[in-house]
Structure formats: C-alpha cells, structure tokens
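Listed below are the residues making up each chain.
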Amino acid sequence: MDVARKVQLHELTTKLGIDLQKLDILNTALIHPTYAYEHPRHAEHNQRLEFLGDAVLNVSMAEYLYLSYPGKSEGELTKIRAEVVSEQGLAIVAQRLAVGKYLLLGKGEEASGGRERISILADAVEAIFAAVYLELGFAYVKKMIIEILLDQIIDTINNGSRDYKTKLQEILQKNQGETATYRILEATGPEHDKTFLAGVYQKDRLLGEGEGKSKKDAEQNAAKTALELL
C-alpha cells in the first residue's frame, strides 16, 4: 500500500472517529470485485466483509432498538431497523462520509458511475463495519454504528419510513388518477449477488429507474428517482 493510499484511509478513519493501526483490512473493505479482477495482486475484495458486516450491523441495531425503545412492539422495531439498514439508508451514510471517494473500482465500473451507485456504496459501508469489528471488537463497532446511524434512527421514528412507492402512487392517483407499474429491466451479476435495475412507468411513460440488491429495493429506488424528477 503506497503512502497516498494510507493518507486516504487515515482520512476516512478520522471521519469514522476510530483509530486503526492496521489499515489492510479497511483497504480490503473498499476494494470492489471489478478492481480485484483487474489487479490480481488484490485477490481479495470486499464481498466477504460485506457479508459479515451485514450481520454485525443488524445485531447492533436490534440490540440498540430493543434496549432504547421498550414501548415499541417487535413489528415496529423490525420496520425501524429495516428502514435504517436498507440500501438507501446505508447509501445516505456513505454519501455523508464520502465513501465513494475511497473506493477502488475497475475501469468499467468507474466509467459507469460506480462511485455513486447505491448498491456499491451500501455494500462498502457494511464491509467497513466488518473491518472495524475484526480489528477492534464488537463493543467498539456497535458504538460506532449507533453514533453514525442515530440521526437516521430518530428521523425514521419521528417521520416514518421512506416508502417511495406508496408516496409516488398517492401523487399519481391524486393528480392524474393513474397508477404506477414496475418492471425489472435488467439483472446482472452472479446468482448469489445479483443487482437489479427496475423502471417505474405511468402507462408507457418511464418515470424513473433505480438499482438494488433485491427487486424490492430496486423498485423503491426507481420510485425515489421518479419523485425527485416530478
């Protein structure tokens, strides 16, 4: 790892409010599979860390919500957690921390706007959580996760979920008496790690597109794009 890369990673640790002596695992958390494919010496990429980080994140959130909101039901807690740890929620974290700046991407992914892609940013955030967990332990990463997500937790509790599909449907029905329909336009990647591209339509008019690791997330992101354009 060269000096410039170390400076970048130290900059990110400062934003995260952590002190990592070893930067190798954090660097791996920011290596996209396309970069590893093009640079064989970086054989490891961030997908395994993303798998671990997803589990660490969900346990951290579940414990915090359970202890902090004893008056809320299991269903309410589940909805809050799902909203905050969704792709869209994690992409908000990534954008706030400028995670895209630190990603190592393949040339094709770089050219197609991978640094702004919601699914890539969300995966990188989960991989970062896993890197911190492995280096500093669960108690440390749990504290960091809650500090990073606290504003979004409070916002979700106060303002409800970001159900963009429902909001779009309400606007179309109120103003034009129309309904929105969704189509999966593309599915890329291996079976265990597909990325879906969805389009939302008003009759035959394309209102917006969105990507996600599931069809549901892709449709929500398409609805979000449509709402922004409308």
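Below: a short report on this structure. (Residues numbered from 1 in each chain as written. Predicted model: local features only at pLDDT ≥ 70, side-chain atom pairs only at ≥ 80, totals over all residues. Heavy atoms only, no water.)

Overview of the overall build of the protein chain
Per the secondary structure count, the protein chain includes 11 helices and 3 strands. Reading the helices (α) and strands (β) of the protein chain from amino to carboxyl end gives α-α-α-α-α-α-α-α-α-α-β-β-β-α. Here the C-alpha atoms of the protein chain give a radius of gyration of 19 Å, agreeing with the 17 Å that 2.2 N^0.38 yields for 230 residues. In the protein chain, which comprises 230 residues, the proportion classed as buried is 46%. When contacts within the protein chain are restricted to residue pairs at least 6 apart in sequence, long-range pairs at least 24 apart make up 52% of them. By element, 52% of the accessible surface of the protein chain is carried by carbon and sulfur atoms, the whole surface being about 12200 Å². Both charge centroids of the protein chain, one from 28 positive and one from 34 negative side chains, sit 1 Å from each other. (Helix = DSSP H or I, 4+ residues; strand = E, 2+ residues; numbered from the N terminus. Rg over C-alpha atoms; globule rule 2.2 N^0.38 Å. Buried < 20%, exposed > 50% of the residue type's maximum accessible area, 1.4 Å probe, protein only. Contact = heavy atoms within 4.5 Å. Areas by Shrake-Rupley, 256 points an atom, 1.4 Å probe, with all protein chains shown as cover. Lys, Arg positive; Asp, Glu negative; His and termini not counted. Charge placed at Lys NZ, Arg CZ, Asp CG, Glu CD.)

Some thoughts on the nonpolar core
Ranked by size, the top nonpolar core spans 46 residues in total, and within it Met-61, Val-99, Ile-128 and Leu-149 carry the most contacts. Elements with a contribution of two residues or more to this core: helix H1 (3-16), helix H2 (24-29), helix H4 (47-68), helix H5 (74-84), helix H6 (87-97), helix H8 (118-136) and helix H9 (138-159). For this core, the element with the most residues is H8, which contributes 11 residues. Residues in contact with Met-61, not counting those within four places in the same chain, are Arg-81, Val-84, Val-85, Ile-146, Leu-149 and Ile-153. With 12 residues, the next largest nonpolar core counts Tyr-164, Ala-198, Val-200 and Ala-226 among its residues. (Core = buried A, V, L, I, M, F, W, Y, C linked by side-chain atoms within 4.5 Å.)

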